[in-house]
Amino acid sequence: MLSFIYRLMVSLRSCDEVTADMLATFEEARADASNRGMWSYFLFGIRELAGVLGSPGSAMPRSRSWLFLYGCTLVGLLGGVAASYLLPASYTSEGLLRLEPTQIPAGLSTNLDGLLGPADLDPLRQSVTSHAKLTEVIITFDLYPHIRAREPLNAIIERMRKAIQIEKTGNFGIRVAFRYSDFPGGANDPQKAQKVVQELMARLMDERFRDQSNRIFQTTEFYKSRSSEAAADWENLNRNIRVLPPTDPHFERLTLDRELARKDYESLHQNLAEALVVEDIASRQLGSRIRILDPASSPEGPDTSRTETALYGLGFGLMVGIVVCFFRALKRSAAGLLTPEPSH
């Protein structure tokens, strides 16, 4: 981008051997400044572009171009400094969870392995970011004390939801991040961001364990109930057939019903046995579970420092100044080309 702007500005000069030498020298110096680092490259860009704007061959007068460029840069720098103090600082903390696969013993396979399988992240995310749970987190850690005095709780909860990131990374990783800012900020804002991430990670692990335990319990209870009902049906049919002579017209139908009841009982009892195995595996913590891989980080500073904000303002002001000077020079050059030469 710097090379492109420089070539456009130099093109306003007369195209001669001096111009070609300027471009060649500029490219060599630009490569050298880029190798020395971003700050050297930044200073180099300011010096070279300002030099072109103020050179004798430029379409703009030297004094006006320098003054205007310096003015835009100074205004941008002052704006950046003011923004660094007026805008609220934000702090981001993040941690990493690992979703461990199921550790079923070798040779053991059931039709209910899905109860121990990986967690679906969407329901977990919705649960830990629900209105009630975020309200509890806000009150527990005294989040947004100044904003709460100005905005309703529902708006603050929506703000917090947007600041939370719970996403999969890789095959088994879950990244949890939270960006916190209050206005005016407090000295313990970084610690608040870290505590919220710690709380979210703990709630995700608890929610996963609770969800898995509930599904296993409900499945086991279902098969227990259905198995008992099927056993009772089978026993009733057995008693009815014992007192019924083979010549009875209902004997064959009852015999078929008894066989179907037996098969139904066997199937349900098999599923119950597998559910009990799954319950035992879960109690031994061999099923899929979530554990902490990287704990919540402690922010070392704001996401954007005051120096960076000031430099952004300086760069923006400089860019505006360069663009305006460039178009003014372009306009003057075009006007000069359209002015007829005096006839001799």
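Residues numbered from 1 in each chain as written. Predicted model: local features only at pLDDT ≥ 70, side-chain atom pairs only at ≥ 80, totals over all residues. Heavy atoms only, no water.

## Things to note about the pattern of salt bridges
- Inspection of every chain in the model, using the stated rule, returns 17 salt bridges.
- With a shortest N-O distance of 3.2 Å, D211 and R215 are connected by a salt bridge. With a gap of 4 residues between them, D211 and R215 both fall in helix 9 (residues 189–242), about one helical turn apart.
- Look at D211 and you get partly exposed, because its relative accessible area is 34%.
- What makes R215 partly exposed here is its relative accessible area of 26%.
- Through salt bridges that share partners, E94, E167 and R175 make up one connected network. (Salt bridge = Lys/Arg side-chain N within 4 Å of Asp/Glu carboxyl O. Helix = DSSP H or I, 4+ residues; strand = E, 2+ residues; numbered from the N terminus. Buried < 20%, exposed > 50% of the residue type's maximum accessible area, 1.4 Å probe, protein only.)

## Section: the pairing of strand 2 (residues 164–169)
- Inspection of the sheet shows strand 2 paired to strand 3 (residues 173–180) by 6 bridges, in the antiparallel sense. Of the residues in strand 3, the one forming a bridge with K168 is I174.
- If you look at the hairpin formed by strand 2 and strand 3, you'll find 3 residues sitting between the two strands, and G170 has a positive phi there, around 75 degrees. (Pairing = 2+ DSSP bridges.)

## Describing the packing of helix 9 against helix 10 (residues 251–283)
- Here helix 9 crosses helix 10 at 155 degrees, and the two axes come no closer than 8 Å. When the axes of helix 9 and helix 10 are compared, the pair comes out roughly antiparallel. In this structure, helix 9 meets helix 10 at a crossing whose hand is left-handed.
- Grouping the amino acids of the contact of helix 9 with helix 10 by side-chain chemistry returns 17 nonpolar, 8 polar and 7 charged. (Axes fitted to C-alpha atoms, helices over the stretch in contact; angles between N-to-C directions. Parallel < 35°, antiparallel > 145°, perpendicular 65-115°, else oblique. Left-handed = near helix turned anticlockwise from the far one by under 90°. Nonpolar A, V, L, I, M, F, W, Y, C, P; charged D, E, K, R; others polar.)

## Some thoughts on the packing of aromatic side chains
- According to the stated counting rule, one finds 4 aromatic pairs in the structure shown.
- Look at Y144 and Y180: their rings are 5.0 Å apart centre to centre, the planes differ by 50 degrees, and that puts the pair in the tilted class. Of this pair, Y144 sits in the loop between helix 6 (131–140) and helix 7 (145–148) while Y180 is found in strand 3, placing the two residues 36 residues apart along the sequence. As far as the burial class goes, Y144 and Y180 line up, both buried.
- Seen in terms of ring centroids, F222 and Y223 are 5.2 Å apart; in terms of plane orientation they differ by 70 degrees. Their pairing is edge-to-face.
- Feature note: the residues Y144, F178 and Y180 constitute an aromatic cluster, connected by ring pairs. (Phe/Tyr/Trp six-rings, centres within 6.5 Å; stacked < 30°, edge-to-face > 60°.)

## Notes on the packing of helix 6 against helix 9
- Here helix 6 crosses helix 9 at 145 degrees, and the two axes come no closer than 11 Å. Classified by chirality, the crossing of helix 9 by helix 6 is right-handed. Mapping the contact onto sequence places K133, E136 and V137 in helix 6 and V196, E199, R203 and E207 in helix 9.
- Considered class by class, the residues forming the contact of helix 6 with helix 9 number 2 nonpolar, no polar and 5 charged. (Contact = heavy atoms within 4.5 Å.)

## Here we look at the pairing of strand 1 (residues 91–100)
- Burial within strand 1 is extensive, with 7 of its 10 residues counted as buried.
- Where strand 1 and strand 3 come together, 8 bridges link them in antiparallel fashion. Across the sheet, Y91 pairs through a bridge with Y180, a residue of strand 3.
- Sheet topology places strand 1 next to strand 4 (residues 289–294); 5 bridges connect them, and they run antiparallel. Opposite L99, over in strand 4, you have I290 as the bridge partner.

## With respect to the nonpolar core
- Grouped together as the largest cluster of nonpolar side chains are 30 residues, with contacts concentrated most on L143, Y144, M160, I166, V176, F178 and V196.
- For this core, the secondary-structure elements that each account for two or more residues are strand 1, helix 5 (121–128), helix 6, helix 8 (153–163), strand 2, strand 3 and helix 9.
- Here this core gets 6 residues from one element, more than from any other, and that element is helix 9.
- For Y144, the contacting residues outside a window of four places in its chain are I156, R159, M160, F178, Y180, S181 and D182. (Core = buried A, V, L, I, M, F, W, Y, C linked by side-chain atoms within 4.5 Å.)

## Thoughts on a nonpolar patch on the surface
- Judged by side-chain polarity, M319, V323 and F327 come together as a nonpolar surface patch covering roughly 310 Å² of accessible area.
- Mapped onto the fold, F327 is located in helix 11 (residues 306–338). (Patch = residues over 30% accessible without salt bridge, like charges linked within 9 Å, V, L, I, M, F, W, Y side chains within 5 Å. Areas by Shrake-Rupley, 256 points an atom, 1.4 Å probe, with all protein chains shown as cover.)

## So, the environment of R175
- Inspection of the secondary structure puts R175 in strand 3.
- With residues up to four places along the chain from it excluded, the contact list for R175 reads E94, G95, L96, Q165, I166, E167 and T169.
- At a separation of 2.8 Å, a polar atom in the side chain of R175 contacts the side chain of Q165. (Polar contact = N/O pair within 3.5 Å; in protein donor to acceptor, adjacent residues only side chain to side chain.)

## Quick notes on the side chain of R203
- For R203, the location among the structural elements is in helix 9.
- For R203, the side chain forms a polar contact with the side chain of E136, separated by 3.4 Å.
- Residues contacting R203, with those up to four places away along its chain left out, are V128, K133, E136 and V137.

## Side note on the environment of R226
- Along the chain, the position of R226 falls in helix 9.
- Sequence-wise, R226 and Y265 are 39 residues apart; in three dimensions their C-alpha atoms are separated by 8.4 Å.
- Excluding residues that lie within four positions of it along the chain, R226 makes contacts with D264 and L268.

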